[in-house]
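Working through the structure, step by step
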Amino acid sequence: DWPLKIPITALAGEHDLSVSDENLREWETETARDFQFRRVLGGSSYPREPAGISSLADLLRGACEEFREEADSSDDERRKVVPEP
C-alpha cells in the first residue's frame, strides 16, 4: 500500500551540500504518517563520523522512547476495553 503507513525521518549531514532541505522534504509524500527531516552533525559521510554517529544514536534513543510511550498508552487503552480477569 502506498503511501507508507509508518513515520519517516529524512536525514542528511549539516555540511552535506549535495542534499538540500527541499530534497529532504520530498520524502514527506512517501508516508501517510508523521514526517520530519533533520540535519545531523557531519557531512555526506555522517554515519561514519563520530559526531554523526552520536547524533544518530540520540535520534534513535528518542524514537525508541516515543515508541515505548505509544505502546504503553495503547496497552492502557486495551485494558480499558478488555477487563483483566
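The structure presented is a predicted model; accordingly, all values stated were derived computationally and were not measured.

A few words on unusual backbone geometry. Along the chain, Trp 2 connects to Pro 3 via a cis peptide bond; the corresponding omega equals 0°. Note on placement: Pro 3 falls in the segment before β1 (8-13).

Once that is clear, we can look at the nonpolar core. Among the nonpolar cores identified, the biggest contains five residues, and these are Ile 8, Ala 10, Ala 12, Leu 24 and Phe 35. Considering each element in turn, this core owes the most residues, three residues, to β1. Sequence-distant contacts of Ala 10, defined by excluding residues within four places in its chain, comprise Leu 24, Trp 27, Phe 35, Gln 36, Phe 37 and Arg 38.

Next up on the list: a negative patch on the surface. Taken together, the side chains of Asp 34, Glu 66, Glu 69, Glu 70 and Asp 72 make up a negatively charged region of the molecular surface. By secondary structure assignment, the location of Glu 66 is in helix α2 (residues 50-81). Given a relative accessible area of 56%, Glu 66 falls into the exposed group.

Moving on to the confidence of the model for the chain. The predicted model of the chain has a mean per-residue pLDDT of 91, with 91% of residues at 70 or higher. Helix α1 (residues 21-25) holds the highest mean pLDDT among the elements of the chain, 98, whereas α2 holds the lowest, 86.

A separate point is the pattern of salt bridges. Enumeration according to the criterion identifies five salt bridges in this entry. A salt bridge links Arg 39 to Asp 21, with the shortest nitrogen-to-oxygen separation between them at 3.1 Å. Here Arg 39 is found in strand β2 (residues 35-40), whereas its partner Asp 21 is found in helix α1, with 18 residues between them in sequence. We classify Asp 21 as partly exposed; its relative accessible area is 32%. The salt bridge partner of Glu 22 is Arg 25, with a shortest N-O separation of 3.9 Å.

Attention shifts here to the side chain of Thr 31. Assignment of secondary structure puts Thr 31 in the loop between α1 and β2. A distance of 2.4 Å separates a polar atom in the side chain of Thr 31 from the backbone oxygen of Ile 6. When near neighbours in sequence (up to four residues on either side) are disregarded, Thr 31 contacts Pro 3, Leu 4, Ile 6, Pro 7 and Ile 8.

This paragraph deals with the side chain of Asp 16. Checked against the element boundaries, Asp 16 lands in the loop between β1 and α1. Buried and unpaired, Asp 16 has Arg 39 as its nearest opposite-charge partner, separated by 5.7 Å. Setting aside residues up to four positions removed in sequence, Asp 16 forms contacts with Arg 39, Gly 42, Gly 43 and Ser 44.

What follows covers the environment of Glu 14. Here Glu 14 is to be found in the loop between β1 and α1. C-alpha separation for the pair Glu 14 and Tyr 46, spaced 32 residues apart in sequence, amounts to 8.8 Å. Dropping the residues within four chain positions of it, Glu 14 is found in contact with Arg 39, Val 40, Leu 41 and Gly 42.

Reading the values: rules and limits
The residue count restarts for each chain, going from 1 along the sequence in the order it is written. Under the rules for a predicted model, residues below a pLDDT of 70 receive no local features and side-chain atom pairs below 80 are neither given nor counted, while totals for whole chains, interfaces and linings still include all residues. Note that water and hydrogens are dropped before the side-chain values are worked out from all heavy atoms of the structure. Secondary structure elements follow DSSP: runs of H or I no shorter than four residues count as helices, runs of E no shorter than two count as strands, and numbering proceeds from the N terminus. The definition of a nonpolar core used throughout is a set of buried Ala, Val, Leu, Ile, Met, Phe, Trp, Tyr and Cys residues joined through side-chain atoms within 4.5 Å. Residue burial is assigned from relative accessible area. The probe radius is 1.4 Å, only protein chains are included, and a residue is buried under 20% of its type maximum, exposed over 50%, and partly exposed in between. Two residues qualify as a contact provided that any one of their heavy atoms is within 4.5 Å of a heavy atom in the partner residue. Each patch groups residues whose relative accessible area exceeds 30% and which form no salt bridge, using 9 Å between like charges and 5 Å between nonpolar side chains of Val, Leu, Ile, Met, Phe, Trp and Tyr. Residue burial considers only the protein chains on display, and all accessible areas are found by Shrake-Rupley using a 1.4 Å probe. Definition used for salt bridges: Asp or Glu carboxyl oxygen within 4 Å of a side-chain nitrogen of Lys or Arg. Under this rule, positive means Lys or Arg and negative means Asp or Glu; His and the chain ends count for nothing. For the purpose of locating charges, the reference atoms are NZ of Lys, CZ of Arg, CG of Asp and CD of Glu. Summary of the metric used: pLDDT quantifies the predictor's per-residue confidence within the range 0 to 100. What qualifies as a polar contact is a pair of N or O atoms within 3.5 Å, subject to a donor-acceptor requirement within protein and to the restriction that residues adjacent in sequence count only when both atoms come from side chains.

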